[in-house]
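Chain residues, written in single-letter form:
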Amino acid sequence: MIRIANGQGFWGDWLEAPVRLVEQGPIDYLILDYLAEVTMSIVQKQKQADPSLGYARDFPPLIGRIAAKLKERRVRVVANAGGVNPVACAREVKRLAPELKVAVVLGDDVYERVDDFLARGLELKNLDTGEPLTVIRGQISSANAYIGAFPLAEALGTGADVVIAGRSTDTALALGPMVHEFGWRADQFDLLAAGTIAGHIVECGAQCTGGNCIADWQTIPDFANIGYPIIEAEADGSFVITKHHGTGGRVSLETVKEQLLYELGDPQNYITPDCVADFTSVRLVEDGPDRVRVSGIKGRPKTPFLKVSVSYLYGFKALGTIVYSWPDALEKAKAADAIVRARLAALGLKFEEIYSEYFGANACHGIAAPVNAQPAEVMLRVGVRGKDKKAVDRFTRELIPLVLNGPPTGTGYGDGRPSVREVVAYWPALIPREEIVTRVEVVE
Amino acid sequence: MRVPLSRIAHGRSGDKGDTSNIGIIAYEDRWYPVLVREVTPERVKAHFGSLIEGRVERFELPNLGALNFLCYGALGGGGTLSLRIDAQGKTMAAGLLGMEIEIDERELTD
């Protein structure tokens with residue numbers, strides 16, 4: 001049995017979680033998931049500004065902080081902290097923790113290869129709209145293929161203490177150590193699906209140990225010291241989800257089921273680079289306090305493709321707010337919204353979308369929200385999105401004047417006019433898997 | 001009798017681009033058939049009104065006593081494009097759990 005713990009559900013997750021996982025009990029692997037789609041375009045921009053950047057900058061200082069404990073307790077780290085510059089990330093780790101052996105997985109970053117793909121007739125059609133990538137060629141800011149668990153296992157095979165990947169899938173971070181430790185083969189799809197689903201359960205960190213849990217959330221103990229998840233993985237593909245003794249939070253059938261369903265599509269066709277996993281085969285049983293045993297998982301062969309995520313500059317947006325107090329807070333906010341829209345129309349400004357929400361009334365759920373006849377205050381938020389930066393900028397000047405020239409009791413404008421933000425959008429596509437060749441390097 | 005769905009189920013929601021995924025889970029296995037009967041894709045779409053622009057697709061996970069709904073065009077463009085506060089649909093499960101369902105008193109208490 002090996003213990004694989006996830007200490008980071010996204011770049012920006014709780015900094016203390018990975019430290020506590022290493023210090024508060026036994027684990028064999030610490031995995032850290034840093035990359036969301038939005039992260040790739042951010043790190044690509046950072047690399048363009050400075051070639052020594054372009055990775056999750058939280059990661060090297062974390063490894064520096066826990067390096068001695070990692071060595072002492074023989075804990076190995078697998079992280080997709082590399083962003084678009086895994087080698088630079090590894091060098092910084094080596095600088096802060098010279099005693100650790102560090103390996104990187106390369107080959108997922110295809111930003112420089114896009115023109116070559118297009119020239120060879122690989123259209124990289126948008127999976128949602130069917131449009132060819134040529135439509136946005138000039139606006140691309142990053143392009144990465146999602147890679148699976150086997151390159152990570154290969155990197156662990158070098159004996160590295162720390163394995164740094166770029167755009168590996170979140171689930172591969174958990175499956176990689178299992179493939180390495182148990183010698184699972186690329187055609188053992190039930191086992192690969194089991195490791196994948198284990199990875200899915202833990203990939204959002206504490207979201208399977210009581211965080212964001214709707215079931216009985218008021219009774220979940222000690223959120224302040226919530227324990228992050230640990231997979232106790234067996235060679236036969238069964239595993240237990242648990243957390244360290246004495247930590248807060250909860251592992252129960254409810255917490256695990258909620259996370260199993262999180263960001264799930266067709267449950268019988270969970271497609272990864274390594275296999276297609278079937279979530280309708282999962283069997284759960286309680287296995288003592290804060291322990292859930294998972295078994296029975298079935299998988300099918302991988303598809304001939306890998307997913308590629310391309311980020312590109314789409315346009316601009318801005319969002320601004322004004323708060324109105326009772327009485328009649330919602331009516332005042334709606335009147336203010338109508339005034340803004342009339343003024344934007346009078347200026348002849350065109351946007352792709354103008355969207356208004358009423359916080360405190362129904363912003364999250366629309367007509368599904370319960371009706372409160374007299375909310376104490378309502379915050380109007382108006383947003384616009386468009387390709388024309390000037391129009392979006394002009395919009396940002398139309399909100400604050402309402403405090404003086406619109407309905408009464410407008411307040412909460414202290415941060416000044418809203419800023420214009422670039423909108424980076426994502427273009428999902430498929431590429432034949434033989435186009436992506438990964439390689440492992442040990443960084444000295 | 002009519003009760004909110006939250007009486008017999010919990011859940012979690014998230015996003016895939018402009019698609020909201022809402023997982024609804026029966027607290028007890030015996031309530032799973034009630035979910036299948038009461039929480040239809042049509043009712044989910046009607047419950048959220050204009051928030052869901054596209055269709056709603058339902059998948060069954062009897063092994064977990066759960067249903068998974070994919071609500072297309074439900075996040076104002078999704079991800080970075082969306083102008084909504086809940087651009088990732090994080091609160092959609094809580095919103096659906098507020099929907100009223102019809103259940104026999106015996107189904108509820110047996």
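Because the structure is a prediction, the values reported are computed rather than measured. (Residues numbered from 1 in each chain as written. Chains lettered and ligands numbered in written order. Predicted model: local features only at pLDDT ≥ 70, side-chain atom pairs only at ≥ 80, totals over all residues. Heavy atoms only, no water.)

**Some words on the environment of Ala26(B)**
Residue and element names in this part refer to chain B. Counted only if it meets this: Secondary structure elements are taken from DSSP: a helix is a run of H or I of four residues or more, a strand is a run of E of two residues or more, and numbering for both begins at the N terminus. Exposed residues in this analysis have more than 50% of their type's maximum accessible area, buried residues have under 20%, and partly exposed residues fall in between, with area computed by a 1.4 Å probe over protein chains only. Residue contacts are defined here by distance: any two heavy atoms, one from each residue, within 4.5 Å place the two residues in contact.
Looking at the element boundaries, Ala-26 is found in strand E3 (residues 19–26). On the basis of relative accessible area, Ala-26 is assigned to the buried category, the value being 2%. When the C-alpha atoms of Ala-26 and Met-1 are compared, they prove to be 18 Å apart, with 25 residues separating the residues in sequence. Apart from residues no more than four positions distant in its own chain, Ala-26 is found in contact with Ile-8, Ala-9, Trp-31, Tyr-32, Leu-35 and Gly-65.

**Structural notes on the packing of aromatic side chains**
Pairs of aromatic rings are described using the distance from one ring centre to the other and the angle between the two planes. Residues and elements named next belong to chain A. Selection rule: Only Phe, Tyr and Trp rings are paired, with Trp represented by its six-membered ring, and only when their centres lie within 6.5 Å; those with planes under 30 degrees apart are stacked, over 60 edge-to-face, the remainder tilted. Any Lys NZ or Arg CZ found within 6 Å of a ring centre and within 35 degrees of that ring's normal is scored as a charge over the ring.
Tallied over the full model, the rule gives seven aromatic pairs over all chains. Taking 6.4 Å as the distance between ring centres and 55° as the angle between the ring planes, the aromatic pair formed by Tyr-312 and Tyr-314 counts as tilted. Here Tyr-312 and Tyr-314 have matching classes, each one buried. Centroid distance Tyr-312 to Trp-427: 6.0 Å. Interplanar angle 80°. Geometry classified as edge-to-face. Note that Tyr-312 is positioned in strand E14 (residues 305–325) and Trp-427 in strand E18 (residues 421–432), a separation of 115 residues in sequence. Neither residue differs from the other here; Tyr-312 and Trp-427 are each classed as buried. Among the aromatic residues, those joined into a ring-pair cluster are Tyr-312, Tyr-314 and Trp-427. Lys-307 extends its terminal NZ or CZ atom over the ring of Tyr-146, reaching a point 5.5 Å from the ring centre. Its guanidinium or amino end placed over the ring of Tyr-314, Lys-387 lies 3.6 Å from that ring's centre, counting from NZ or CZ.

**Structural notes on the sheet that holds strand E5 (residues 66–71) of chain B**
The criterion, for reference: Note on pairing: two strands pair once DSSP finds at least 2 bridges between them. Between the N-to-C directions of two axes lies an angle of 0 to 180 degrees, each axis being a line fitted to C-alpha atoms and, for a helix, fitted only over the stretch in contact.
One open sheet accounts for four strands, arranged E2-E3-E5-E4 (chain B); its pairing is antiparallel. Since the sheet does not close on itself, it has two edges, and those belong to strand E2 (9–16) and strand E4 (56–61) of chain B, each with one partner. Each neighbouring strand pair of the sheet contributes to a mean axis angle of 20°, computed without reference to strand direction. Sheet topology note: the E4(B)/E5(B) ladder contains six bridges and is antiparallel. Bridge pairing in E5(B) links Val56(B) to Cys71(B). In the packing of helix H9 (residues 253–261) of chain A onto the sheet, contacts are made with E2, E3, E4 and E5 of chain B, and the angle to E3(B) comes to roughly 155°.

**Digging into the domain arrangement of chain A**
Stated precisely, the cut-off is as follows: Domain start and stop points were drawn from an automatic or database domain assignment.
Looking at the assigned domains, one finds that chain A contains domain 1 (2–108 + 146–303) and domain 2 (313–425). The gap between the C-alpha centroids of domain 1 of chain A and domain 2 of chain A is 39 Å.

**Quick notes on the sheet that holds strand E10 (residues 276–278) of chain A**
All names here are of chain A. Taken in spatial order, the three strands of this open sheet run E9-E10-E13, and their pairing is antiparallel. Edge positions in the sheet fall to strand E9 (270–271) and strand E13 (298–300), since each of these pairs with one other strand and no more. Sitting on the sheet, helix H8 (residues 189–202) is in contact with E9, E10 and E13, with an inclination near 110° to E13.

**A closer look at empty space enclosed by the protein**
So the rule is basically this: Only protein atoms enter the calculation, which uses a 1 Å grid: trapped sets of points that fit a 1.4 Å probe without letting it out are cavities, open sets showing protein on both sides within 12 Å along at least five of seven lines are pockets, and any residue with an atom within 4 Å of a point is a lining residue. Grid points are joined across faces, edges and corners, and a volume is the space filled by probe spheres set on the points. Just so you know the grouping, Ala, Val, Leu, Ile, Met, Phe, Trp, Tyr, Cys and Pro go in nonpolar, Asp, Glu, Lys and Arg go in charged, and all remaining residues, Gly too, go in polar.
One pass over the full model with this rule turns up two cavities of 30 Å³ or more. Considering only enclosed or pocket space, the largest cavity measures out at about 70 Å³ in volume. Lining the largest cavity are Trp14(A), Ala17(A), Arg20(A), Leu21(A), Gln24(A), Asn225(A), Ile226(A), Gly227(A), Tyr228(A), His244(A) and Thr247(A). Looking at the lining of the largest cavity residue by residue, the class counts come to five nonpolar, five polar and one charged. Taken as a whole, the second largest cavity holds about 50 Å³ of empty space. Around the second largest cavity sit Glu357(A), Ala363(A), Cys364(A), Leu51(B), Ala74(B), Leu75(B), Arg84(B), Asp86(B) and Met92(B), which together line it. By residue class, the composition of the lining of the second largest cavity is six nonpolar, no polar and three charged.

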